Amino acid sequence: MKNTKHNVVFQLNTDNINEQNALMTYVTNVRNHWKEDVTIQVVVHGPGIGMLRKSKTMVGEPLKAVMQKGIQFFACENTINARKIEKSDIIENVGFVPSGLVYIIEKQEEGWSYIKCNF
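Thresholds applied
- Residues numbered from 1 in each chain as written.
- Predicted model: local features only at pLDDT ≥ 70, side-chain atom pairs only at ≥ 80, totals over all residues.
- Heavy atoms only, no water.
- Salt bridge = Lys/Arg side-chain N within 4 Å of Asp/Glu carboxyl O.
- Helix = DSSP H or I, 4+ residues; strand = E, 2+ residues; numbered from the N terminus.
- Buried < 20%, exposed > 50% of the residue type's maximum accessible area, 1.4 Å probe, protein only.
- Arc of directions from axis to C-beta.
- Contact = heavy atoms within 4.5 Å.
- Pairing = 2+ DSSP bridges.
- Axes fitted to C-alpha atoms, helices over the stretch in contact; angles between N-to-C directions.
- Phe/Tyr/Trp six-rings, centres within 6.5 Å; stacked < 30°, edge-to-face > 60°.
- Core = buried A, V, L, I, M, F, W, Y, C linked by side-chain atoms within 4.5 Å.

The chain has the name DsrE/DsrF-like family protein in an unreviewed UniProt entry, where Myroides profundi is given as its organism.

Structure below.
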């Protein structure tokens with residue numbers, strides 16, 4: 001059986017702390033299973049954007065821990081602009097995408113697996 005590189009994009013758009021904590025578990029489990037053979041990106045938009053805000057996050061430490069494992073997070077600029085959030089309030093090392101939904105669609109078109117992270 002040959003090793004295949006896996007690409008997974010997670011979507012989070014909820015401010016529910018239980019769902020944000022579940023996301024941390026999900027990405028950790030996927031990373032632990034495939035180790036270096038997986039690329040994981042998380043796109044955060046809508047009400048979920050608070051998870052990535054320095055001033056609002058309730059999962060700051062777990063977020064930093066999964067980012068140190070190579071999991072990439074992206075904040076939706078449409079959401080940031082609509083909610084008048086300063087980019088300086090977004091946690092360090094989080095990337096930005098113009099539109100979270102468009103980015104997710106593009107990843108799916110490239111063959112990435114898609115996981116919507118809500119209960």
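Still to come is the rest of the account.
S.K.: Just to check I follow, could you spell out the pattern of salt bridges for this structure?
M.R.: Side chains bearing opposite charge may pair, as long as their charged atoms lie close to each other. Scanning the entire structure with this criterion turns up five salt bridges. With its nearest N and O atoms 2.7 Å apart, the salt bridge here joins E77 to K87. Of the two residues, E77 sits in helix α3 (residues 77–82) while K87 sits in the loop between α3 and β4 (95–97), which places them ten residues apart along the sequence. K87 gets classed as partly exposed once you look at its relative accessible area, which sits at 42%. Between E110 and K107 there is a salt bridge; the shortest N-O distance is 3.5 Å. For K107, a relative accessible area of 11% puts it in the buried group.

S.K.: I would appreciate a short explanation of helix α2 (residues 60–68) in the present structure.
M.R.: Counting along an α-helix, one turn takes 3.6 residues, and residues three or four places apart therefore face a common direction. Looking only at α2, the buried set comprises G60, L63, V66 and M67. In an axial view of α2, the angular spread of the buried residues amounts to 130 degrees, which keeps them on one side of the axis. Opposite the buried face of α2, at more than 90 degrees from it, the exposed residues are E61 and Q68. The inward-facing, buried residues of α2 abut α1 (17–34) and β3 (72–76). Remark: G70 follows α2 within two positions and exhibits a positive phi of approximately 95 degrees.

S.K.: I tried to follow the sheet that holds β4 on my own but got confused; where do I start?
M.R.: Backbone hydrogen bonds are what pair the strands of a sheet, in a parallel or an antiparallel way. The strand order β4-β3-β2-β1-β5 describes an open sheet built from five strands, whose pairing is parallel. Of all strands in the sheet, those bounded by a partner on one side alone are β4 and β5 (113–116). Strand-to-strand twist of the sheet, defined as the mean angle between neighbouring strand axes without regard to direction, takes the value 25 degrees. As paired strands, strand β1 (residues 6–12) and β5 are joined by four bridges and run parallel to one another. Bridging from a neighbouring strand, V8 pairs with S113 of β5. With respect to the sheet, α1 is in contact with β1, β2 (38–44) and β3, its orientation differing from that of β1 by roughly 175 degrees. Against the sheet, helix α4 (residues 100–109) makes contact with β1, β2, β3, β4 and β5, and its axis sits at roughly 155 degrees relative to β2, the strand it touches most.

S.K.: Please explain the packing of aromatic side chains as it appears in this structure.
M.R.: The description of two aromatic rings rests on the distance between their centres and on the angle between their planes. Applying the stated rule across the entire model yields one aromatic pair. Both rings, one in F74 and one in Y103, keep their centres 5.3 Å apart while their planes meet at 40 degrees; by these two values the pair is tilted. Taken together, the positions of F74 in strand β3 and Y103 in helix α4 put the pair 29 residues apart, joining distant regions of the chain. Given the relative accessible area of 13%, F74 is considered buried.

S.K.: How should I be thinking about the nonpolar core in this particular structure?
M.R.: Ranked by size, the top nonpolar core spans 26 residues in total, and within it L23, V42, M51, L52 and F73 carry the most contacts. Sorting the residues of this core by element identifies β1, α1, β2, α2 and β3 as the ones contributing at least two each. It is β2 that contributes the most residues to this core, four residues altogether. By size, the runner-up hydrophobic cluster in this structure holds seven residues, among which are V43, F74, V97 and Y103.

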